[in-house]
Amino acid sequence: MEILFATGNEHKVAEAAALFEPLGHNVKALVVDGESPEFVEPQANGLEEVARAKIEQARSMVIGTPLADSAILVEDSGLFIHALGGFPGVYSSYVERSLGLGGVLRLLDGSDYRGAEYRAVAIIDLGDRTLRASGVCRGGIAEERRGDGGFGYDPIFIPEEGDGRTFGQMSADEKSALSHRGRALKGLSEPHKSPSK
Ligand code: IMP
């Protein structure tokens, strides 16, 4: 099956491709009229609501185009820092661009309470049905940046189930085995096994 991932984030496309290609599915970024789709994200309280808004918009963008029969994938994710009441959460992308990783580290300066989690909600529209799955990766915020792999907050996020390295210090496969996105996408590929579907 060809899966069109409606995201402008090439790292997310690469992570999905690495997971779905061994299952025989080809993953590509959705491009409409030569452009990656821009979504109007609702002022939402949760990833779920944002993911649902994205899938509706993505589906309506391909109606009447040669892509109309393709499977469309969307995902919304974020980093939730417990000491900050879940901030940046649904605003993760904006906060990464505005405050940056250094700014987020400064908010936790001197704090021993550094617990955090990444969360993801993924939805795939197969035309005749829609599947949804979510994934969580618990961990904490490092004292300083480590590694330059992955993207976004990866250099400052240490997964609980890892060996103390940040996601930025791991290979793509190591990250995917533990990550929120890896779990959400696996939930879509094995819906009967996913408790969160
Ligand atoms: P979205 O594209 O609206 O889902 O934004 C997700 C944002 O959350 C990204 O831009 C990153 O800031 C952050 N994020 C989500 N998943 C990851 C990840 O796997 N690594 C690092 N940052 C992530």
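See the structure printed just above.
The rules we used
- Residues numbered from 1 in each chain as written.
- Predicted model: local features only at pLDDT ≥ 70, side-chain atom pairs only at ≥ 80, totals over all residues.
- Heavy atoms only, no water.
- Near = heavy atom within 4 Å.
- Polar contact = N/O pair within 3.5 Å; in protein donor to acceptor, adjacent residues only side chain to side chain.
- Areas by Shrake-Rupley, 256 points an atom, 1.4 Å probe, with all protein chains shown as cover.
- Helix = DSSP H or I, 4+ residues; strand = E, 2+ residues; numbered from the N terminus.
- Nonpolar A, V, L, I, M, F, W, Y, C, P; charged D, E, K, R; others polar.
- Phe/Tyr/Trp six-rings, centres within 6.5 Å; stacked < 30°, edge-to-face > 60°.
- Buried < 20%, exposed > 50% of the residue type's maximum accessible area, 1.4 Å probe, protein only.

> Which parts of the structure should I look at to understand the site of the ligand?
Of all residues adjacent to the ligand, which total 17 residues, the nearest are Lys12, Glu96, Asp154, Lys175 and Arg181. Lysine 12 places a polar side-chain atom, nitrogen or oxygen, 2.8 Å from an oxygen atom of the ligand. For the ligand, whose unbound accessible area comes to 490 Å², protein coverage reaches 92%. For the shell around the ligand, the secondary structure elements donating two or more residues are strand S3 (71–81), helix H3 (92–98) and helix H6 (180–189). Classifying every residue of the shell around the ligand gives three nonpolar, six polar and eight charged.

> Please explain the packing of aromatic side chains as it appears in this structure.
Each pair of aromatic rings is reported with the distance of its centres and the angle of its planes. Under the counting rule described, the total for this entry stands at three aromatic pairs. With centroids separated by 4.4 Å and ring planes inclined at 45 degrees, the aromatic side chains of tyrosine 118 and phenylalanine 157 adopt a geometry described as tilted. Linking tyrosine 118 in strand S4 (residues 115–125) with phenylalanine 157 in strand S6 (residues 157–159), this pair joins segments that are 39 residues apart in sequence. Both residues of the pair, tyrosine 118 and phenylalanine 157, belong to the buried class. Summarising the aromatic geometry, the rings of phenylalanine 157 and phenylalanine 167 are spaced 5.5 Å apart at their centres and angled 35 degrees between planes, so their arrangement reads as tilted. Of the two residues, phenylalanine 157 sits in strand S6 while phenylalanine 167 sits in the loop between S6 and helix H5 (172–178), which places them ten residues apart along the sequence. One exposure class covers both phenylalanine 157 and phenylalanine 167, and it is buried. By way of ring pairs, the aromatic residues Tyr118, Phe157 and Phe167 are connected into one cluster.

From the geometry alone we can't say anything about function, so treat these as descriptive.
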